[in-house]
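Fold and contact review
Each chain is listed here by its residues.
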Amino acid sequence: MGTVRTIYKSGSRFYVHPDRREIIHPGVTSVIGMLPKPFLQRWSANMAAELAVDSIDFLADMASRDRDGAIKYVAGAAHRYTKHRADVGSKAHDLFERMIRTGAFTARDSTGEFLAHVHPDMVPYRAHFAEFLSVVNPELVRAEDVAWSDTHGYAGSFDAILRVWLDEKGKPTPDRSGVPALLMVDWKTSKGTYPDVALQMAAYARADFLIDPDGNREPTPEFDGAAVLHITPDGWEFKPVRIDDEVFAVFLSLRHIFDWDRTVSKSVLGRAIAKAVRLVTGTQRRAK
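Keep in mind that this is a model prediction, so the values were computed, not measured.

Before going further, it helps to spend a moment on a nonpolar patch on the surface. A cluster of nonpolar side chains, contributed by Trp260, Val264, Val268 and Leu269, occupies part of the molecular surface with about 420 Å² of accessible area. Among the structural elements, valine 264 can be located in the loop between helix H8 (245-262) and helix H9 (282-287). On the basis of relative accessibility, which here comes to 36%, the residue valine 264 falls in the partly exposed class.

The next point concerns the packing of helix H3 (residues 56-65) against helix H4 (residues 67-75). Remark: H3 packs on H4, axes separated minimally by 5 Å, with the N-to-C direction vectors making an angle of 140 degrees. Between H3 and H4, the angle falls in the class oblique. Contact residues: Phe58, Leu59, Met62, Ala63 and Arg65 in H3; Arg67, Gly69, Ala70, Tyr73 and Val74 in H4. Considering only residue class, the contact of H3 with H4 consists of seven nonpolar, one polar and two charged.

Turning our attention to the sheet that holds strand S11 (residues 225-232). The five strands lie next to each other as S4-S7-S8-S11-S12, forming an open sheet whose pairing is mixed. Strands at the two margins of the open sheet, each flanked by one partner only, are strand S4 (139-143) and strand S12 (235-241). Geometrically, the sheet is characterised by an average inter-axis angle of 30 degrees between neighbouring strands, direction not taken into account. With six bridges joining them, strand S8 (residues 179-188) and S11 adopt parallel strand pairing.

Summed over the entire model, instances satisfying the criterion amount to 15 salt bridges. Aspartate 61 serves as the salt-bridge partner of arginine 65, at 2.9 Å between the closest nitrogen and oxygen. Highlighted residues: arginine 65 and aspartate 61, both in helix H3, separated by four residues, approximately one helical turn. Across the pair aspartate 259 and arginine 255 runs a salt bridge, and its minimum N-O distance is 2.7 Å. Of the two residues, aspartate 259 and arginine 255 are both situated in helix H8; the distance of four residues between them amounts to about one turn of the helix. Among the residues examined, aspartate 259 registers a relative accessible area of 31% and is labelled partly exposed.

Two pairing modes exist for strands in a sheet, parallel and antiparallel, and in both the strands are linked by backbone hydrogen bonds. Taking strand neighbours across the sheet as the criterion, the four strands line up as S6-S5-S9-S10 in an open arrangement whose pairing is antiparallel. Of all strands in the sheet, those with a lone pairing partner are strand S6 (154-157) and strand S10 (217-219), marking the two edges. Sheet twist, expressed as the mean angle between neighbouring strand axes with direction ignored, is 25 degrees. Across four bridges, strand S5 (residues 146-149) lies against S6 in antiparallel orientation. Looking across to S6, one finds that valine 146 is bridged to serine 157.

What follows concerns the layout of surface pockets. Roughly 220 Å³ of volume is contained in the second largest pocket. The wall of the second largest pocket is formed by 14 residues, among which Leu166, Gly170, Pro172, Phe238 and Pro240 lie closest to the centre. Of all the elements, S12 adds the most residues to the lining of the second largest pocket, at four residues. Of the residues belonging to the lining of the second largest pocket, the class tally is 10 nonpolar, two polar and two charged.

Below, the discussion takes up the nonpolar core. With 32 residues, the main nonpolar core has Met184, Met201 and Phe251 as its most contacted residues. If you list the elements that add at least two residues to this core, you get helix H1 (28-32), S8, helix H7 (196-205), S11 and H8. Not counting the four nearest positions on each side in its chain, phenylalanine 251 is found in contact with Val28, Val31, Ile32, Tyr154, Leu199 and Ala203. Listed in part, the 25 residues of the second largest apolar core include Val118, Tyr125, Ala130 and Val136.

Our focus in this paragraph is the environment of valine 247. Topologically, valine 247 is positioned in helix H8. We classify valine 247 as buried; its relative accessible area is 11%. In this structure the C-alpha to C-alpha distance between valine 247 and lysine 91, which are 156 residues apart in sequence, comes to 30 Å. For valine 247, the contacting residues outside a window of four places in its chain are Ala198, Leu199, Ala202 and Arg242.

Rules of the game
Residues numbered from 1 in each chain as written. Predicted model: local features only at pLDDT ≥ 70, side-chain atom pairs only at ≥ 80, totals over all residues. Heavy atoms only, no water. Patch = residues over 30% accessible without salt bridge, like charges linked within 9 Å, V, L, I, M, F, W, Y side chains within 5 Å. Areas by Shrake-Rupley, 256 points an atom, 1.4 Å probe, with all protein chains shown as cover. Salt bridge = Lys/Arg side-chain N within 4 Å of Asp/Glu carboxyl O. Helix = DSSP H or I, 4+ residues; strand = E, 2+ residues; numbered from the N terminus. Buried < 20%, exposed > 50% of the residue type's maximum accessible area, 1.4 Å probe, protein only. Axes fitted to C-alpha atoms, helices over the stretch in contact; angles between N-to-C directions. Parallel < 35°, antiparallel > 145°, perpendicular 65-115°, else oblique. Contact = heavy atoms within 4.5 Å. Nonpolar A, V, L, I, M, F, W, Y, C, P; charged D, E, K, R; others polar. Pairing = 2+ DSSP bridges. 1 Å grid on protein atoms, 1.4 Å probe; cavity = no way out; pocket = protein on both sides within 12 Å on 5 of 7 lines; lining within 4 Å. Points joined across faces, edges and corners; volume = space filled by probe spheres on them. Core = buried A, V, L, I, M, F, W, Y, C linked by side-chain atoms within 4.5 Å.

Here it is as structure tokens:
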């Protein structure tokens, strides 16, 4: 059995079927990208404006030597910030997986200091994730596998499936004395958590089956819920996330919009069957 691979087309990620390469499904995050985000335009403009104001002398010097370069530098402020945050997020996800799978980077000395070194950017993330593991004491069921849906035509790589034990108020019991709950879980290292994470979790939880890196597949289990672990340099929160029918229906609407945007919209307008005829007078012809 083959493994799932990904390709990029027109800025979107697509997942290629492990055995039938002609079957290609869009990624969950690309589908969710169909949500309107009007705030991004203002945010991007503000990033460029802040850079210009904070670096006005530097930019004036740059512009005197390379005006186009200065324009591109200011215009790229939001993109550079997003790329930096994505790089931090990727490093943090890799660290979290190593910690929860193997216990790596969690050992401490007699003073409570961590024994293993991590990149300085990862120091607070390591500390907060270690605290999460201690406070919640989850059991890792799966991590970084692919959720695949032929029924609805999508796929995506999820962060983790965890089993946690909860009391009657839905709070974790680290001694595992509560009721076990199987959760689809996402790690977030962004500035905040946003409602569209529910669409992401609902899609993963409603997939037809899960595929591991070796290409082995299993039916998607029935989940008791979902949660997002939000970790920033300042702290962490473990929040429940709705993945009910209403939420999943919104995701499926976005899946249809994705098809509209990438395929259907390109075929709805035909060639003109009648059009205006431009009159060319004799005077205009003689003037040529």
